[in-house]
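Structural features, examined
Chain by chain, the residues:
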2 protein chains.
Amino acid sequence: MSQEIFDEQEYERRLSRTRERLREENLDAIVVSDPANMNYLAGYDGWSFYVHQAVVVTAERDEPIWVGREMDAGGARATTWLAAENIRSYSDDHVHSPHDLHPMDYLAGVLEELDVADGRIGLEMDAAYFTAKSYTRLQQNLPEAEFEDTTLLVGWVRIKKSDRELEYMRQAAEISENAMQAGIDAIGEGVPEYEVAAEIYDALIRGTDEFGGDYPSIVPLMPSGDHTDTPHLTWTDREFEDGDPVIIELSGCRHRYHSPLARTTFVGDPPEELEEAADIVVEGIEAALEVAEPGVTCEAVEEAWRETIAQYGIEKEDRIGYSMGLGYPPDWGEHTASIRPGDETVLEENMTFHMIPGIWTEEIGMEISETFVVTDDGVETLAEFPRKLFTA
Amino acid sequence: MSQEIFDEQEYERRLSRTRERLREENLDAIVVSDPANMNYLAGYDGWSFYVHQAVVVTAERDEPIWVGREMDAGGARATTWLAAENIRSYSDDHVHSPHDLHPMDYLAGVLEELDVADGRIGLEMDAAYFTAKSYTRLQQNLPEAEFEDTTLLVGWVRIKKSDRELEYMRQAAEISENAMQAGIDAIGEGVPEYEVAAEIYDALIRGTDEFGGDYPSIVPLMPSGDHTDTPHLTWTDREFEDGDPVIIELSGCRHRYHSPLARTTFVGDPPEELEEAADIVVEGIEAALEVAEPGVTCEAVEEAWRETIAQYGIEKEDRIGYSMGLGYPPDWGEHTASIRPGDETVLEENMTFHMIPGIWTEEIGMEISETFVVTDDGVETLAEFPRKLFTA
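Residues numbered from 1 in each chain as written. Chains lettered and ligands numbered in written order. Predicted model: local features only at pLDDT ≥ 70, side-chain atom pairs only at ≥ 80, totals over all residues. Heavy atoms only, no water.

Under the annotation held in an unreviewed UniProt entry, chain A carries the name Creatinase and is attributed to Natronococcus amylolyticus DSM 10524.

Following this line, the structure appears as structure tokens:
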């Protein structure tokens, strides 16, 4: 199935770049636990990351090895490009085991078989699903191994996108446009927040006339009213009221690739203060998009934003964006480059970022975001959606 | 906000039972990282678990302390019942930091301030979002502390539900019924899988006429055709075909409480083999529900299922259910009691389980599930949905 999404040559290029990094870091193997990295290298795609699983890449071996739960091996056979013998699975008594069996006991056996048990092994020490216990069990099982933290190794390999990856991100952007329109259309005085969330979800998954949408790595967020400064609260039964600002942040998703988009709408007649804030955010984001091109640093992009809004007396020094693309819950970010002061990552063609600056007055917040790809001489925003304050 | 969902007395009862467990285990404090446990003890509810956060409970102190990202402190003030001084947050340069700052450096400072830095501290070593790096950073910061694995400590406190919790699970069950009906109605020859997913999602979030739905901890799953044995693959652009069996597993969600439900439908005229399998699954699940009551062990419930299907020559020894309720992605399970051979957990009134047995022939799979609460003399299933094979 994965070969329909990307051809095998693309997986081989990804692997070969990853193996090059292993050699540079003098590593014998890495254990890849982040589901996005597992997908990137092996094509694996399933909602099974609530149990322990991994893809093992060694410096020497051609193909990676997928390790997961027996119940999910069929899913690995269906979605990865790997040969059957490279799909290994542990029995169900390793799952929430009363017998003190742990999936990492099984994985340690695979590493022994691969003859790297006394080698230098990279672990994604800060990846969401690589737990503290996974680490201590690997330590207990492999006392001769030397472990290194390779949390971002594959993330940095992922940062420049292929044409096919960009195609899926553009498709995700089309879905984002539809879902944003659905959300803006649905919001109104007396409408419960959950109804708007339902409309957005329907659009996110129904996709376009040509293709469907995948589940996004983060649910649609729409902080409103007094809560525009609490960006990660989710919808409730509350009804929107006249006078509510509402920030909608969402992302379409296609084959696990995202293109996030944020806009702000206002229920009723917006106060002049918010209109002004919108103009400033638009000017700031456009200034930042204007300077972004290959050779420019992430911090220089943030600086363009910051200096623009400073003209209006607004002083903020924030992270206003991050590299992203392929992802699984809980996050679509890649955790590598950030658009913020101090980040000296140099932009290169085909890097992709979500830039989401905002300003907050005493009472209300305002955000406008764009997902962009760095081109040979500038940037291209993936979605086409008016940059302005909407009203409902 | 949390006080509208549960009153403060309920949180105090939860805390007092948790503190009792701390004393039994001779612990000075626990660091609670599982978002479901954080919600259970503090009421916190936000999609912020992609950064490190925790609730700290000490054996001595009345109120827990919420620790998270500065950007989310407003969300903590809005959703928890905690006093403002018990909401602590780290600055954004701890997030994907280029300066080697880690949120656990900040959390270690909180533990020092609480005077437990040289004490026995429980960590949820195998909780999804408690990473290996979180653990090693706490070790580095607190060399005098003695760490214990308390992954399931709060989970076992959660296993018996209060009346209010059951009320939310019953509401979730109503949503599950609506969403299952929407899914079954939508499936048909030539309909793409994503359209069915969109209908289900719309129903899950639109909820009922009385209240809306929350996002479920697991996306709706609908393995079909050859893939009924790959339970965790998600929807694609594929169109359903005549002759496809489709297993739908979903859960409504209300205030983060779930009531999962699975049914099987068939596109076209089902083969006799599948009709027979359906009858066997129904007989098996009914036998298991019949024996379940306070005083009976989890393994005895599984045995009733297993012995029933054995009469038809089917031999399987599986986990067929698990304790569940409150949850966040990636999982709605509590990871404590399982309905499987060897689990001697004794059922008590107000425990809640999702029982999801199934049988697979050479070609096709068949599942029917029920979420039930243990009553004083048996069980009550939360959803009312016909137990049978559906056709489309």
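A separate point is the pairing of strand 1 (residues 29-32) of chain B. All names here are of chain B. Burial along strand 1 is two-sided: A29 and V31 facing one way and I30 and V32 facing the other are all buried. Note: strand 1 against strand 5 (residues 120-123), three bridges, orientation parallel. Note on strand 5: the bridge partner recorded for V31 is L123. With four bridges connecting them, strand 1 and strand 2 (residues 54-58) associate as antiparallel partners. Looking across to strand 2, one finds that V31 is bridged to V56. (Buried < 20%, exposed > 50% of the residue type's maximum accessible area, 1.4 Å probe, protein only. Helix = DSSP H or I, 4+ residues; strand = E, 2+ residues; numbered from the N terminus. Pairing = 2+ DSSP bridges.)

A separate point is the sheet that holds strand 3 (residues 65-69) of chain B. Residue and element names in this part refer to chain B. The mixed open sheet is built from six strands, whose spatial order is 4-3-2-1-5-6. Either end of the sheet is taken by a strand with one partner, and the two such strands are strand 4 (87-90) and strand 6 (146-149). Here the average twist between neighbouring strands, direction ignored, is 25°. The sheet strands contacting helix 2 (residues 8-24) are strand 1 and strand 2, and the helix crosses strand 2 at an angle near 65°. (Axes fitted to C-alpha atoms, helices over the stretch in contact; angles between N-to-C directions. Contact = heavy atoms within 4.5 Å.)

Here the focus is the environment of E10 of chain A. All names here are of chain A. Its place among the elements puts E10 in helix 2 (residues 8-24). In sequence terms E10 and H255 are 245 residues apart; their C-alpha atoms lie 15 Å from each other. Sequence-distant contacts of E10, that is, excluding residues within four places in its chain, are made with S162, R164 and E165.

Let us now look at the relation of the copies chain B and chain A. The two chain copies are connected by a rotation around an axis plus a translation along it. The transformation that overlays chain B on chain A combines an axial shift of 0.0 Å with a rotation of 180°, and the residual RMSD is 0.0 Å. On this basis, the relationship between the two copies can be described by a two-fold rotation axis. A high fraction, 100%, of the interface residues of chain B reappear at the interface in chain A, so the copies pair face to face through one surface. (Least-squares fit on C-alpha atoms with pLDDT ≥ 70 in both.)

Attention now goes to the packing of helix 2 of chain A against helix 3 (residues 35-42) of chain A. Residues and elements named next belong to chain A. In contact at an axis separation of 7 Å, helix 2 and helix 3 are set at 115° when each is read in the N-to-C sense. Residues Y11, R14, L15, R17 and T18 of helix 2 touch helix 3, and the partners they reach there are N39, Y40, L41 and A42. In terms of residue class, the contact of helix 2 with helix 3 is built from five nonpolar, two polar and two charged. (Nonpolar A, V, L, I, M, F, W, Y, C, P; charged D, E, K, R; others polar.)

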